[in-house]
Amino acid sequence: MAEKITVNNGVLNVPNNPVIPYIEGDGIGPDIWAAASRVLDAAVEKAYNGEKKIDWKEILVGGKAHDKTGEWLPEDSLDAIREYLIAIKGPLTTPIGGGIRSLNVALRQKLDLYTCLRPVRHFTGVPSPVKRPEEVDMVIFRENTEDIYAGIEFQEGTADAKKVIDFIRNEMGSENIRFPETSGIGIKPVSKEGTERIVRSAIEYALAEGRKSLTLVHKGNIMKFTEGAFKSWGYDLAEREFGDKVFTWNQYDAIVEKEGKDAANKAQDEAEAAGKIIVKDSIADIFLQQILTRPKEFDVVATMNLNGDYISDALAAQVGGIGIAPGANINYATGHAIFEATHGTAPKYAGLDKVNPSSVILSGELMLRHLGWFEAAELVLQSMDKTIGSKVVTYDFARLMDNAREVKCSEFADELIKNM
Ligand SMILES: NC(=O)C1=CN([C@@H]2O[C@H](COP(=O)(O)OP(=O)(O)OC[C@H]3O[C@@H](n4cnc5c(N)ncnc54)[C@H](OP(=O)(O)O)[C@@H]3O)[C@@H](O)[C@H]2O)C=CC1
Ligand SMILES: O=C(O)CCC(=O)C(=O)O
Ligand SMILES: [Mg+2]
């Protein structure tokens, strides 16, 4: 009998037949969801000989919801995720420059899914534009509820924009709005609480997974009280809450000042040898260069919303592209989580049964792992390795590989199931 997943003190209780809501998504959503759900079902069936099975429950959000109910994000759908805790979704369209605000962002905000977890690793045989893609093995913790991404914006020419601009100029005395008559305005909230909970999640993950370092990525030299504060709050939290489990670059600098560079290097070497997490930071622009030139130096990454958005697509390119980039939006305290691919609705490919379903399949793999269904998750990974290794791939990989056999989205799912 199908049952609900429940949570007790942050620990999930997962029955053998959990109800899991899914949102098919817009654009390529129906193609990739059809392929992904078959693969996930097959992995669970094979791993547990039919003892476990997911009871998928469709919920409507996006174009399909609007067509059927007149609403883009029906309250019923939100209630279903609140009730069943864990959901998985395809991509949802957001119009540019006007129209509805992002439903993807709204889901994250309404359910307070503050962690956007995006692991980036290379699968053997996947084509890449870089020489050593196997050196990329990073896990991005993107803050998911704040920053300029929160959607607090005032359109150019409106009374609201004028009011905000007048306030900034007249009450706050700022002369820095270059063209006050024709500016739109966006607000960038970054809080101590928001920073601390994402950095805490990232350090807990790094410790649990035996990772080596955490890099706080920011543009704090320019945006001092938002991105700069993220860095300072992050270091403070690491030292305060994780004590001798971490060694931070703050501590390194303090040793340099008192005892010199050699002593600081020695302290860092000792910390590494003792298995402590090295907490460091990097300014966002140079970080984007160094993930290309020195990927081995980066491991777990914590950053704000917009940086995390850019970084996740840039890193995905290094390991074969956005067609293979999974993700999850999680609130570790309430137990709510929505698993979703990093990419969007790729409208030009909608309905062609062409695109790579791997991002949603691997988001499902993350979900299985999150549920504690490790055997099924492993089957998905093994079969992905085997299928790509035999050069049976969708168009995105085929165009970068020699002698590949290009298959459709649904055929790629068939191959994965065959190879389990
Ligand atoms: N979480 C979400 O639901 C997200 C939603 N969006 C929304 O999606 C819409 C379209 O955004 P857009 O900027 O075009 O970005 P997309 O990620 O949708 O697509 C950009 C390009 O990425 C490649 N791509 C995307 N998905 C796949 C896949 N599964 N397999 C292979 N290649 C893939 C294609 O490249 P190529 O053309 O080279 O083949 C595609 O043209 C927008 O409305 C945007 O707001 C965007 C990101 C996330
Ligand atoms: O919500 C959207 O339309 C885009 C979101 C996005 O790019 C992301 O979360 O990576
Ligand atoms: Mg994005």
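What counts as what
Residues numbered from 1 in each chain as written. Chains lettered and ligands numbered in written order. Predicted model: local features only at pLDDT ≥ 70, side-chain atom pairs only at ≥ 80, totals over all residues. Heavy atoms only, no water. Salt bridge = Lys/Arg side-chain N within 4 Å of Asp/Glu carboxyl O. Helix = DSSP H or I, 4+ residues; strand = E, 2+ residues; numbered from the N terminus. Buried < 20%, exposed > 50% of the residue type's maximum accessible area, 1.4 Å probe, protein only. 1 Å grid on protein atoms, 1.4 Å probe; cavity = no way out; pocket = protein on both sides within 12 Å on 5 of 7 lines; lining within 4 Å. Points joined across faces, edges and corners; volume = space filled by probe spheres on them. Axes fitted to C-alpha atoms, helices over the stretch in contact; angles between N-to-C directions. Parallel < 35°, antiparallel > 145°, perpendicular 65-115°, else oblique. Contact = heavy atoms within 4.5 Å. Nonpolar A, V, L, I, M, F, W, Y, C, P; charged D, E, K, R; others polar. UniProt positions renumbered as here; feature names shortened; annotations may be inferred. Near = heavy atom within 4 Å. Polar contact = N/O pair within 3.5 Å; in protein donor to acceptor, adjacent residues only side chain to side chain. Areas by Shrake-Rupley, 256 points an atom, 1.4 Å probe, with all protein chains shown as cover.

Peer 1: Got a minute to help me understand the pattern of salt bridges in this structure?
Peer 2: Within this structure, the stated rule accounts for 28 salt bridges. Here Lys354 ties to Glu406 by a salt bridge, and the two come within 4.0 Å at their closest N and O atoms. Within this pair, whereas Lys354 is found in the loop between strand E15 (337-340) and helix H12 (358-370), its partner Glu406 is found in strand E17 (residues 405-406), the two being separated by 52 residues in sequence. With a relative accessible area of 26%, Lys354 lands in the partly exposed category. Since its relative accessible area comes to 47%, Glu406 is described here as partly exposed.

Peer 1: Explain the layout of surface pockets to me, please; I cannot follow it from the model alone.
Peer 2: A probe matching the size of a water molecule, rolled over the atoms, marks out where space remains unfilled. Here the largest pocket defines a volume of roughly 1200 Å³. Contributing to the lining of the largest pocket are 38 residues, with Thr94, Pro95, Ser102, Val105 and Tyr149 lying nearest its centre. Within the residue set of the lining of the largest pocket, elements represented by two or more residues are helix H4 (103-110), strand E8 (153-154) and helix H11 (305-318). At 5 residues, H4 tops the list of elements feeding residues into the lining of the largest pocket.

Peer 1: Is there a simple way to explain the packing of helix H1 (residues 29-48) against helix H15 (residues 409-418) in this structure?
Peer 2: Each pair of packed helices gets described by two things: the angle between the helix axes and the distance between those axes. Close contact between H1 and H15 brings their axes to 9 Å; oriented N to C, the two are set at 5 degrees. By the angle class used here, H1 and H15 are roughly parallel. For the pair H1 and H15, contact is made by Asp31, Ile32, Ala35, Arg38, Val39 and Ala42 and by Cys409, Ser410, Ala413, Asp414, Leu416 and Ile417, respectively. When the residues that make up the contact of H1 with H15 are grouped by side-chain class, the tally is 8 nonpolar, 1 polar and 3 charged.

Peer 1: Looking at this structure, how should I read the UniProt feature "domain: Isopropylmalate dehydrogenase-like" (unreviewed entry) in the protein chain?
Peer 2: In the numbering adopted here, UniProt assigns the feature "domain: Isopropylmalate dehydrogenase-like" (unreviewed entry) to residues 19-416. Strand forms 16% of residues 19-416 and helix 46%; the C-alpha atoms that close the span are 24 Å apart.

Peer 1: I'm lost on the site of ligand 1 in this one. Help?
Peer 2: Taken together, 24 residues sit near ligand 1, with Gly344, Ala346, Tyr349, Asn356 and Tyr395 positioned nearest. At 3.1 Å, a side-chain N or O of Glu340 approaches a nitrogen atom of ligand 1. When ligand 1 is considered free in solution it has 880 Å² of accessible area, and contact with the protein chains removes 71% of it. Taken together, the elements giving at least two residues each to the shell around ligand 1 come down to H4 and helix H14 (395-398). Residue classes in the shell around ligand 1 are distributed as 9 nonpolar, 9 polar and 6 charged.

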